[in-house]
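# Analysis of the macromolecular model
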Amino acid sequence: DTAVSQTPKYLVTQMGNDKSIKCEQNLGHDTMYWYKQDSKKFLKIMFSYNNKELIINETVPNRFSPKSPDKAHLNLHINSLELGDSAVYFCASSQEGVAGEETQYFGPGTRLLVL
Amino acid sequence: ILNVEQSPQSLHVQEGDSTNFTCSFPSSNFYALHWYRWETAKSPEALFVMTLNGDEKKKGRISATLNTKEGYSYLYIKGSQPEDSATYLCAPNYGGSQGNLIFGKGTKLSVKP
């Protein structure tokens, strides 16, 4: 059983389109995250959700919006895609525990290419 | 801006060699230091959570230490094997339970048979 899954695995689309990436975790975790692996290969946090509440929102353009229909899902919607949005996007989840020591479990990544 | 640095960027060793690499980070207000192992075309997988008590962590041939005062951590691999080839990421947590991990760029290890 896949613990954290993402769909699609690959996404090729045109500039200006709107797209969504889905994430599901079957671990019963409280918090889910979206990361972007940028062109310099850094993993950077975009959003996290804890019990349907957005608790981190880094300096991400408002074209990106996370949507959490329930605790097991955190989807990423991207409007008006730009060339610079091309990257690998990773979903992760964690269970609340000792502050700061919670292990995050990552999905397989979604490779987005904007043409 | 919190800067997490890992060195070296890449490392090539022969099977059987022991190796180590470094993660340095701002030591103020961090909650824990996470090490992840990231194989090509796979997801990052947790290796260790280094807690503020500074205890060494060990898993098989891999171990890690943490200096909480000066803000650095070492990862050691004893008797490297080809299956150890991966990128090793460190990430201090500065947000507590809000899970704000700041990832370094990683050290890419290649172990030749």
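The preceding data block contains the structure.
Residues numbered from 1 in each chain as written. Chains lettered and ligands numbered in written order. Predicted model: local features only at pLDDT ≥ 70, side-chain atom pairs only at ≥ 80, totals over all residues. Heavy atoms only, no water.

## Focus on the pattern of salt bridges
All names here are of chain A. One pass over the structure, following the stated rule, counts seven salt bridges over all chains. A salt bridge links Lys71 to Asp30, with the nearest nitrogen and oxygen atoms 3.4 Å apart. Of the two residues, Lys71 is situated in the loop between strand 7 (64-67) and strand 8 (75-78) and Asp30 in the loop between strand 3 (19-25) and strand 4 (31-37); the sequence distance between them amounts to 41 residues. In this structure Asp30 comes out as buried when scored by relative accessible area, which is 13%. (Salt bridge = Lys/Arg side-chain N within 4 Å of Asp/Glu carboxyl O. Helix = DSSP H or I, 4+ residues; strand = E, 2+ residues; numbered from the N terminus. Buried < 20%, exposed > 50% of the residue type's maximum accessible area, 1.4 Å probe, protein only.)

## Some details on the sheet that holds strand 7 of chain A
All names here are of chain A. What the four strands build is an open sheet, ordered 1-3-8-7; its pairing is antiparallel. With partners counted over all chains shown, the strands left at the sheet margins are strand 1 (4-7) and strand 7, one partner each. Put simply, the sheet's adjacent strands are angled 20 degrees from each other on average, direction ignored. Two elements, strand 7 and strand 8, share four bridges in a ladder whose sense is antiparallel. (Pairing = 2+ DSSP bridges. Axes fitted to C-alpha atoms, helices over the stretch in contact; angles between N-to-C directions.)

## With respect to the pairing of strand 9 (residues 86-93) of chain B
Residues and elements named next belong to chain B. Counting buried residues along strand 9, eight of its eight residues qualify, which places the element largely inside the surrounding structure. Here seven bridges tie strand 4 (residues 32-38) to strand 9, and the two strands are oriented antiparallel to one another. When the sheet's bridge partners are listed, Tyr36 is paired in strand 9 with Leu89. Pairing of strand 9 with strand 10 (residues 107-112), which is carried by three bridges, proceeds in the antiparallel orientation. The residue of strand 10 that forms the bridge with Tyr88 is Thr107.

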